[in-house]
Amino acid sequence: EAQVTQNPRYLITVTGKKLTVTCSQNMNHEYMSWYRQDPGLGLRQIYYSMNVEVTDKGDVPEGYKVSRKEKRNFPLILESPSPNQTSLYFCASSPGPSYEQYFGPGTRLTVT
Amino acid sequence: LAKTTQPISMDSYEGQEVNITCSHNNIATNDYITWYQQFPSQGPRFIIQGYKTKVTNEVASLFIPADRKSSTLSLPRVSLSDTAVYYCLVGDNGRYSTLTFGKGTMLLVSP
């Protein structure tokens with residue numbers, strides 16, 4: 001089944017403890033991206049990747065890192081999480097530079 | 001990136017047709033119009049995409065007037081399960097860039 005998977009789905013952590021949220025797609029898509037969604041602010045793009053080893057900042061990249069060493073994986077790294085990064089995170093992918101994107105199920109992160 | 005304006009919320013009843021309009025006055029020549037649907041705590045789901053005139057698929061229709069400064073998503077005969085947030089996005093479909101989702105339109109379908 002064609003899909004985007006994220007792990008973990010739920011995570012509670014403490015300020016400053018490094019964490020990684022994984023994202024994987026099985027559709028051989030070139031483009032992958034990360035979003036966060038907060039009440040009243042909608043979906044905002046954090047980072048995106050056009051292909052392996054090619055990434056660029058979205059609207060809200062501060063406090064996040066990404067890497068794209070393999071085409072299928074696009075992990076989101078929070079080196080030193082803070083409470084303002086408590087949010088619902090989505091990973092997405094698409095075959096190319098298209099607005100038709102496939103979203104993962106989401107990861108709910110709480111930083112205390 | 002063209003800015004979009006949508007109603008914050010809409011109400012409807014089961015079986016009715018729902019039209020959600022999106023305004024995008026500064027749409028560029030290469031920009032496409034794309035609509036997504038999102039249920040609570042789920043990722044957005046692509047509904048439909050178009051460039052001009054009318055596009056129809058098994059889920060919805062998208063109407064785009066000649067000046068392309070607005071577009072209308074039409075959902076025929078809605079059901080309770082169509083209750084969701086609907087987002088309108090406008091951008092160049094042919095190049096990589098940041099995608100900006102607005103706040104969307106919360107559609108509430110009642111029995």
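This text goes with the structure placed above it.
Here we take up the environment of A:Leu78. Residue and element names in this part refer to chain A. Relative to the elements of secondary structure, Leu 78 occurs in strand β8 (residues 76-78). Residue Leu 78 is classed as buried on the basis of its relative accessible area, which comes to 0%. For the pair formed by Leu 78 and Gly 106, sequence separation is 28 residues and the distance between their alpha carbons is 16 Å.

As a further point, take the interface of chain B and chain A. The interface is formed by 26 residues belonging to chain B together with 25 residues belonging to chain A. Buried area between chain B and chain A, both sides added, is near 2,000 Å², and the carbon and sulfur share of it is 54%. Summed over the shared surface of chain B and chain A, the number is zero salt bridges. Inspection of the region where chain B meets chain A yields five residue pairs in polar contact (both at pLDDT 80 or more). If one sorts the elements of the side of chain B that touches chain A by residue count, strand β8 (residues 84-92) of chain B sits on top with five residues. Across the side of chain B that touches chain A, the residue classes break down as 10 nonpolar, 13 polar and three charged.

In terms of nonpolar packing, the biggest core is built from 20 residues, with B:Ile33, B:Trp35, B:Ile47, B:Leu73, B:Leu75 and B:Tyr86 touching the most fellow members. Mapped onto this core, the elements with two or more residues apiece are β2 (18-23), β3 (31-38), β4 (45-50), β6 (61-64), β7 (70-75), β8 and β9 (105-110) of chain B. A total of four residues in this core trace back to one element, the largest contributor, which is β8(B). In this view, B:Leu73 contacts B:Val18, B:Asn19, B:Ile20, B:Trp35, B:Ile47, B:Ile48, B:Ala60, B:Ser61, B:Leu62 and B:Tyr86; residues no more than four positions away in its chain are not counted. Listed in part, the 19 residues of the second largest apolar core include A:Met32, A:Val66, A:Phe74 and A:Leu109.

About the criteria used
- Residues numbered from 1 in each chain as written.
- Chains lettered and ligands numbered in written order.
- Predicted model: local features only at pLDDT ≥ 70, side-chain atom pairs only at ≥ 80, totals over all residues.
- Heavy atoms only, no water.
- Helix = DSSP H or I, 4+ residues; strand = E, 2+ residues; numbered from the N terminus.
- Buried < 20%, exposed > 50% of the residue type's maximum accessible area, 1.4 Å probe, protein only.
- Contact = heavy atoms within 4.5 Å.
- Buried area = accessible area lost by both parts, 1.4 Å probe.
- Salt bridge = Lys/Arg side-chain N within 4 Å of Asp/Glu carboxyl O.
- Polar contact = N/O pair within 3.5 Å; in protein donor to acceptor, adjacent residues only side chain to side chain.
- Nonpolar A, V, L, I, M, F, W, Y, C, P; charged D, E, K, R; others polar.
- Core = buried A, V, L, I, M, F, W, Y, C linked by side-chain atoms within 4.5 Å.

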